[in-house]
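Summary of the model geometry
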Amino acid sequence: MTTPLVRFAPSPTGYLHIGNARPALFNWLFARRHAGRFLLRYDDTDVARSKSEFAEAIPVDLAWLGIVPDLVIRQSERLAIYDAAAEKLRAAGRLYPCYETADELDRRRKRQLARGLPPVYDRAALKLTAEERVALEAEGRKPHWRFLLEAREVAWDDLVRGASHVDCASLSDPVLVREDGSYLYTLPSVVDDAELGVTHVIRGEDHVTNTAVQIQIFEALGAAIPTFGHHNLLTTASGEGLSKRLGHLSLRGLRETGVEALAVAALAVLVGSSDAVRPVSSLDELANLVELAHVSRAPAKFDEHELEALSARTLHQLPYEAVAERLQALGIDGGEPLWLAVRGNLAKLAEAKDWWQVVQGPLTPAVADAAFAATAASLLPAEPFDSATWKSWTQAVGAATGTKGKALFMPLRLALTGQEHGPELAALLPLIGREKALRRLAGESA
Ligand code: GLU
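Residues numbered from 1 in each chain as written. Predicted model: local features only at pLDDT ≥ 70, side-chain atom pairs only at ≥ 80, totals over all residues. Heavy atoms only, no water.

Looking at an unreviewed UniProt entry, the protein chain carries the name Glutamate--tRNA ligase, with the source organism given as Bosea caraganae.

1. Points about the environment of G433
To keep it simple, the criterion reads: By the criteria applied, helices consist of DSSP H or I runs no shorter than four residues and strands consist of E runs no shorter than two, each listed in order from the N terminus. Any residue under 20% of the maximum accessible area for its type is buried, any over 50% is exposed, and the rest in between are partly exposed; the area is computed with a 1.4 Å probe on protein chains only. In what follows, a contact means two residues having at least one pair of non-hydrogen atoms within 4.5 Å.
Within the secondary structure, G433 sits in helix α18 (residues 425-441). On the basis of relative accessible area, G433 is assigned to the buried category, the value being 9%. Along the chain, G433 and P384 lie 49 residues apart, while their C-alpha atoms are 8.6 Å from each other. Residue contacts for G433: discarding those within four places in its chain leaves E383 and F385.

2. Topic: the sheet that holds strand β5 (residues 144-147)
Formally: Only strands that DSSP links by at least two bridges are regarded as paired with each other. Simply put, an axis is a line fit to the C-alpha atoms, just over the touching stretch for a helix, and the angle between two N-to-C directions goes from 0 to 180 degrees.
The strand order across the open sheet built from three strands is β4-β5-β8, with neighbouring strands paired in antiparallel fashion. Only two strands of the sheet have a single partner each, and these edge strands are β4 (95-98) and β8 (175-177). In this sheet, adjacent strand axes meet at a mean angle of 45° when their direction is disregarded. As paired elements, β4 and β5 share four bridges and run antiparallel to each other. Note on β5: the bridge partner recorded for Y96 is R146. Set on the sheet, helix α3 (residues 79-91) makes contact with β4, β5 and β8; between it and β4 the angle comes to about 90°.

3. A look at the site of the ligand
Here is the rule we go by: We call a residue near a molecule or strand when any one of its heavy atoms sits within 4 Å of it. Under the rule applied, a polar contact is a pair of N or O atoms within 3.5 Å (in protein, one hydrogen donor and one hydrogen acceptor; residues adjacent in sequence only if both atoms are side-chain atoms). Using the Shrake-Rupley algorithm and a 1.4 Å probe, accessible areas are obtained, with residue cover drawn only from the displayed protein chains. Ten residues, namely Ala, Val, Leu, Ile, Met, Phe, Trp, Tyr, Cys and Pro, are considered nonpolar, four, namely Asp, Glu, Lys and Arg, are considered charged, and the remaining ones, Gly among them, are considered polar.
Taken together, R7, A9, S11, D43, Y185, S189, R203 and H207 make up the full set of residues near the ligand. Residue Y185 places a side-chain N or O atom 2.5 Å away from an oxygen atom belonging to the ligand. Here R203 contributes a side-chain N or O atom positioned 2.8 Å from an oxygen atom of the ligand. Taken by itself the ligand offers 290 Å² of open surface, and the protein chains cover 79% of this. Split into classes, the residues belonging to the shell around the ligand amount to two nonpolar, three polar and three charged.

4. Notes on the nonpolar core
To be explicit about the condition: The nonpolar core is taken to be a set of buried Ala, Val, Leu, Ile, Met, Phe, Trp, Tyr and Cys residues, with the residues joined through side-chain atoms within 4.5 Å.
Counting residues in each nonpolar core, the largest one holds 90 residues, and the members touching the most others are L25, L286 and W393. If sequence neighbours within four positions are ignored, W393 has contacts with A376, L379, L380, P381, L412, L416, L429 and L441. In this structure, L5, A85, W145 and V166 belong to the second largest nonpolar core, which totals 33 residues.

5. Concerning helix α14 (residues 352-360)
Heads up, the condition is: What the arc measures is the spread of directions leading from the helix axis to the C-beta atoms.
Buried within α14 we find A352, W355, W356, V358 and V359. All buried residues of α14 fall inside an arc of 155° around its axis, so they share one side. As for α14, its buried residues are in contact with α12 (320-329), α13 (335-342), α17 (405-417) and α18. Within two residues after α14, G361 carries a phi angle of roughly 75°, on the positive side.

6. Let's talk about helix α4 (residues 102-114)
The following threshold applies: Every helix has an expected span of 1.5 Å times one less than the residues it contains.
Taking 1.5 Å of rise per residue, the 13 residues of α4 would be expected to cover 18 Å, and the 18 Å separating its terminal C-alpha atoms lies within 8% of that figure. Taken together, the buried positions of α4 are occupied by L105, R108 and Q112. Along the axis of α4, the buried residues cluster in a sector spanning 65°; they form a single face. Away from its buried face, by an angle of more than 90 degrees, α4 presents the exposed residues A102, D103, K110, L113 and A114. The elements touched by buried residues of α4 are β5. Positive backbone phi, at 75°, marks G116, one or two positions downstream of α4.

7. Quick look at the pattern of salt bridges
What counts is decided by this rule: Here, a salt bridge means any side-chain nitrogen of Lys or Arg that lies within 4 Å of a carboxyl oxygen of Asp or Glu.
Inspection of the entire model under this criterion finds 24 salt bridges. Among the salt bridges present, the one from R41 reaches D193, with a minimum N-O distance of 3.1 Å. Note that R41 is positioned in strand β2 (residues 37-42) and D193 in helix α6 (residues 186-196), a separation of 152 residues in sequence. On the basis of relative accessible area, R41 is assigned to the buried category, the value being 0%.

8. Let's talk about the pairing of strand β9 (residues 200-204)
Within β9, five of the five residues are buried, which leaves it mostly tucked inside the rest of the structure. Relative to strand β10 (residues 227-231), β9 runs parallel, the two being bridged by five bridges. Among the inter-strand pairings, V201 is bridged to a residue of β10, identified as F228.

Given below as structure tokens:
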């Protein structure tokens, strides 16, 4: 295959949410797996709803997920290219002016429905004579422009859904240009995909009908048709759709909860698929797990509890290199040994700070039986400590004090960490070190 070029094409009308993360990730992972490139395209032709704060947030939120686009374009800067394409369609008789108001169209639709007819645009505007058009414009009406669909079936081999087809005879001719001359999404998307040589269009299945229409537009423009794939849509656990404008489950909101981006990514693309959702330690690993052909056809349910659990499991297996920078940013200097000691106990990465504090001190130890603690202290071996030190030391303490199990381990844990629960002491003891261990066993803050 030629080098794939995929694109993610959000409208900057809200913060990206977990549902938007899915096409972004499906495209990004596809590009990673096939050594392709990833285009970020701002679908910002709707000037009224597009906001710069949302536009600025998009690359930040994508970067959190690990997505860094190879190129970025803005539709609002490319209007002349769309004008040229529209002109080409007009010249070919495929784009025609219509003068109906929204009210008129609505009444017409209702009459059709009342008569049991499909509410398809009746192409009345195609029958207007030149004089009638002039008369309508003299009334002050401005045309919107519809694409003349060919009444035939459009078929494609979908990366997710397999052989797919839509009968365009049952569709209304889509409006491509509004009365004010602005473009709806349909045409600019095709023009950009054609112009930039997008090879694969991977997007939600809410675009299946658009695909049939857009394939006819690609053909009308004489452009190469990309390969299409339509993934299922995400709903909340109770089955409702996610709304970008509500900011529901926005990526920034999720980031603030401290959830792992890799868990968000894995859940976003594996949820509801035939492959179990499992923790991954890199997007490349995830790229190799995602098979578009295995993505379920049923809506995928997003469960926040599942995400939390996956986030914890993700942390538990992440190698030190994957978190080193973030640990340093949190002021945690314990390096790989600390990470390996504590990762299994974390629900959120930031909790590593608490364990770093336990290792570093000072903390107030809990020593209930001073004599027991003194015996334990006297048996603490000389440094260097390693992962076997804990076992040999506690064997010696057990033998000397006649204790075992919880009666042996709990007082030592309470003295060394001040807490009843925590990471394996075999891993923590070498990090705490002999000097601090002795002071804590003596009940001193250290
Ligand atoms: N702006 C469109 C959307 O967010 C892009 C769809 C597409 O990928 O073509 O739904």
